[in-house]
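Each chain, written out:
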Amino acid sequence: MMNKIALVTGATSGIGKATARQLAEKDFNLIITGRRKERLEELANELKQKYNCETIILNFDIRKQAEVDKAIDGLPENWRNIDVLVNNAGLAAGADPIYDGLLDDWERMIDTNIKGLLYISKKVMPFMMKRKSGHIVNIGSIAGKQVYPNGNVYCATKFAVDALTKAMRIDLLKHNIRVTQIAPGAVETEFSIVRYHGDKDKADNVYKGYTPLFAEDIANAIVFAVTRPAHVNIADVLIMPTAQANPYYWNKKL
Ligand code: NDP
Ligand code: 8X3
């Protein structure tokens, strides 16, 4: 029997990369996406060597609908039987009061976290609907459950992911497609370096005084969700470090 196929967006780093590794370990074949092509190539080689995993690399910017369409249209026929879509690619850009926010940051977040997720889902859902089978996992955030100071537009994009997850679950119900949201708190990845526009000191500061989550912790939850029996849908999982109660309350030892 053919191995299952998972498409993981944003697999060049952090949660997406850890998820690709753990799915390969569970015998999935993988379609991995991102803008940094060399990283995708390195990961594909690693997965082949360690797990004998067949991998297809799709190198595109998820904000560009034409690039998304071209990449998915170019998939070989037998790779269109995608069992699992992990909508992970995303970012925060900036952490300023809304009146100081940069338009470019806002547009990057809206275009990636909301529109990018929609573009790729629009292309993959028909494959799943045709087979009356599939599982979509959207990576939301604690920021999509509670708004916090200076989180404004990032929080709005993750509230949108929360809403889209619920909406997908309703509309895809009759097509037998499972929809899961995994909503992490603080995970140490490249996330904060991106958010603070490359300022490593500011990024490091986010994870000081406590043990944050690691990308592998979130990958564990994703793999758990997508390996449940066919009649079980893990709908929504909020995961935080033990030292975080919500966006406001922390047990930091500084
Ligand atoms: P990383 O910065 O480590 O990884 C982000 C991934 O998204 C990279 O692979 C990046 O690939 C990809 N990506 C970003 N923009 C684009 C784009 N325009 N086109 C294609 N791919 C893109 O961060 P995380 O692993 O932490 O983030 C993954 C997801 O988890 C995001 O949706 C984030 O919002 C969410 N999240 C993260 C939390 C955290 O604390 N870290 C907490 C809650 C949610 P490349 O740059 O190569 O294109
Ligand atoms: C990332 C977690 O708390 O920085 O989504 O918004 S947080």
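Residues numbered from 1 in each chain as written. Chains lettered and ligands numbered in written order. Predicted model: local features only at pLDDT ≥ 70, side-chain atom pairs only at ≥ 80, totals over all residues. Heavy atoms only, no water.

A. Looking closely at the site of ligand 2. Inspection of the region around ligand 2 gives Ser141, Ile142, Ala143, Tyr148, Tyr154, Gly185, Phe191 and Arg195 as its neighbouring residues. Here an oxygen atom of ligand 2 and a side-chain polar atom of Ser141 are 2.5 Å apart. Taking Tyr148, its side chain carries an N or O atom lying 2.5 Å from an oxygen atom of ligand 2. Contact with the protein chains hides 83% of the accessible area of ligand 2, taken as 240 Å² for the molecule alone. Considering only residue class, the shell around ligand 2 consists of five nonpolar, two polar and one charged. (Near = heavy atom within 4 Å. Polar contact = N/O pair within 3.5 Å; in protein donor to acceptor, adjacent residues only side chain to side chain. Areas by Shrake-Rupley, 256 points an atom, 1.4 Å probe, with all protein chains shown as cover. Nonpolar A, V, L, I, M, F, W, Y, C, P; charged D, E, K, R; others polar.)

B. Structural view of unusual backbone geometry. Phi at Asn176 is positive, roughly 65°, even though this residue is not glycine. Looking at where Asn176 falls in the secondary structure, it is placed in the loop between α5 (152-171) and β6 (177-184). Look at His197: it is not a glycine, yet its phi comes out positive at around 50°. Inspection of the secondary structure assignment puts His197 in the loop between α6 (191-195) and α7 (200-206). For His197, a relative accessible area of 47% puts it in the partly exposed group. (Helix = DSSP H or I, 4+ residues; strand = E, 2+ residues; numbered from the N terminus. Buried < 20%, exposed > 50% of the residue type's maximum accessible area, 1.4 Å probe, protein only.)

C. Here's a closer look at the packing of helix α1 (residues 14-25) against helix α2 (residues 37-51). Between α1 and α2, the shortest axis-to-axis distance is 10 Å and the interhelical angle comes to 25°. Accordingly, the angle class assigned to the pair α1 and α2 is roughly parallel. For α1 against α2, the interelement crossing comes out right-handed. Where α1 approaches α2, its residues Lys17, Ala20, Arg21, Ala24 and Glu25 are matched on the opposing element by Leu43, Glu46, Leu47 and Tyr51. (Axes fitted to C-alpha atoms, helices over the stretch in contact; angles between N-to-C directions. Parallel < 35°, antiparallel > 145°, perpendicular 65-115°, else oblique. Left-handed = near helix turned anticlockwise from the far one by under 90°. Contact = heavy atoms within 4.5 Å.)

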